[in-house]
Amino acid sequence: MFRALKASEVECRINQIKEIKKENGEIRVCAICLLYKDARCDQKILDETFGPMGWQRKHAEHNGNLFCLVGVYDNEKKEWVWKEDAGSESNVDAQKGHASDSFKRACFNWGIGRELYTPLFIFFDLSPNEYYRDDKKKVRVKSTLRFSVKSIETVDGVIQHIEIVDQKGNVRWKK
């Protein structure tokens, strides 16, 4: 029902930093990245597919959890069809992040961006100029470091090809 996500709609962020000790004693610093979409992407695709008046979004609380319900009007049945899911709070703005996360999850239930569930392990080395050690000697990524999806191809809802680049356009990982 929904088109595949475009490269410009897929976000890439570092989820974890790993330090690996090589046999020669050197430390290798690696980034593990996650792919995701934001709520604006979901809204855009719902608008494209059903028109701005052909879908609805509601929020409800169940047992202390915030759920988002996304409804699409079914012209054959002449009724609204709903799919819902719960979300989790964000570190930045708990309430807004909770609402946004539940909306994105409900949209995954409809199939928007489901290709992001393709099992990929995006893992690449960081160069010494891309990270630093804080006061507690923990590795931190420099704030200027950014990664994005340069290209993506899917077949039957599964990512077949993807290229991750840094802010200078250097390919850092590809499948």
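Look up a bit, the structure's there.
Residues numbered from 1 in each chain as written. Predicted model: local features only at pLDDT ≥ 70, side-chain atom pairs only at ≥ 80, totals over all residues. Heavy atoms only, no water.

**Q** Describe the overall build of the chain, with residues and values.
**A** On a plain count of helices and strands, the chain comes out with two helices and eleven strands. Secondary structure elements of the chain occur, N-terminal to C-terminal, as β-β-α-β-β-β-α-β-β-β-β-β-β. Dimensions of the chain, computed from the C-alpha atoms along their principal axes, are close to 70 × 40 × 25 Å. The buried share of the chain, taken over its 175 residues, is 37%. Across the chain, the fraction of contacts at a sequence separation of at least 24, relative to all contacts at a separation of at least 6, is 49%. Surface exposure of the chain reaches about 11100 Å², of which carbon and sulfur atoms provide 46%. Averaging the coordinates of the 31 positive side-chain charges in the chain and doing the same for the 27 negative ones gives two points 5 Å apart. (Helix = DSSP H or I, 4+ residues; strand = E, 2+ residues; numbered from the N terminus. Buried < 20%, exposed > 50% of the residue type's maximum accessible area, 1.4 Å probe, protein only. Contact = heavy atoms within 4.5 Å. Areas by Shrake-Rupley, 256 points an atom, 1.4 Å probe, with all protein chains shown as cover. Lys, Arg positive; Asp, Glu negative; His and termini not counted. Charge placed at Lys NZ, Arg CZ, Asp CG, Glu CD.)

**Q** Pulling in residues and values, what's your account of the side chain of Asp101?
**A** Mapped onto the elements, Asp101 comes out in helix H2 (residues 94–110). Taking relative accessible area as the criterion, Asp101 reaches 16% and is therefore assigned buried. In contact with Asp101, not counting residues within four places along its chain, are Gly87 and Ser88.

**Q** Describe in detail the pattern of salt bridges, supporting the description with residues and values.
**A** Counted according to the given criterion, the structure contains twelve salt bridges. Between Arg105 and Asp101 there is a salt bridge, with its nearest N and O atoms 2.9 Å apart. Of this pair, Arg105 and Asp101 both sit in helix H2, four residues apart, roughly one helical turn. Three or more residues joined by partner-sharing salt bridges are found here, namely Arg3, Glu9, Lys44 and Glu48. (Salt bridge = Lys/Arg side-chain N within 4 Å of Asp/Glu carboxyl O.)

**Q** Any chance you could break down the packing of aromatic side chains for me, citing the residues and the numbers?
**A** For the structure on display, the rule yields seven aromatic pairs. Their ring planes at 70° and their centres at 5.3 Å tell us that Tyr73 and Trp80 sit as a pair that is edge-to-face. Look at Trp80 and you get partly exposed, because its relative accessible area is 29%. Judged by centre distance (6.3 Å) and plane angle (35°), the rings of Trp80 and Trp82 are tilted. (Phe/Tyr/Trp six-rings, centres within 6.5 Å; stacked < 30°, edge-to-face > 60°.)

**Q** Tell me about the pairing of strand S11 (residues 171–174), and please be specific about residues and values.
**A** By the bridge criterion, three bridges tie strand S10 (residues 158–166) to S11 in an arrangement that is antiparallel. The residue of S11 that forms the bridge with Glu163 is Lys174. The turn joining S10 and S11, which pair antiparallel and follow one another in sequence, is formed by four residues; a positive phi near 90° is taken by Gly169. (Pairing = 2+ DSSP bridges.)

**Q** So what's going on with unusual backbone geometry? Which residues, and what values?
**A** Even without a glycine there, the phi angle at Lys137 is positive, about 70°. Given the relative accessible area of 60%, Lys137 is considered exposed. Of note in this structure, Asp156 is not a glycine but carries a positive phi near 50°. Relative to the elements of secondary structure, Asp156 occurs in the loop between strand S9 (147–155) and S10.

**Q** Before we move on, can you summarise the pairing of S10 with the specific residues and values?
**A** Relative to S10, S9 is paired through eight bridges, and the arrangement is antiparallel. Opposite Phe147, over in S10, you have Asp166 as the bridge partner. Linkage of S9 to S10, two consecutive antiparallel strands, is achieved through a turn of two residues, within which Asp156 is found at a positive phi near 50°.

**Q** Could you give me a rundown of the nonpolar core, with the residues and numbers involved?
**A** The biggest cluster of nonpolar side chains holds 37 residues, and the ones touching the most others in it are Leu35 and Ile164. When residues of this core are traced back to their parent elements, those giving at least two are strand S2 (27–36), helix H1 (39–50), strand S4 (65–74), H2, strand S6 (122–125), S9 and S10. Take this core: its biggest share by element is five residues, from H2. (Core = buried A, V, L, I, M, F, W, Y, C linked by side-chain atoms within 4.5 Å.)

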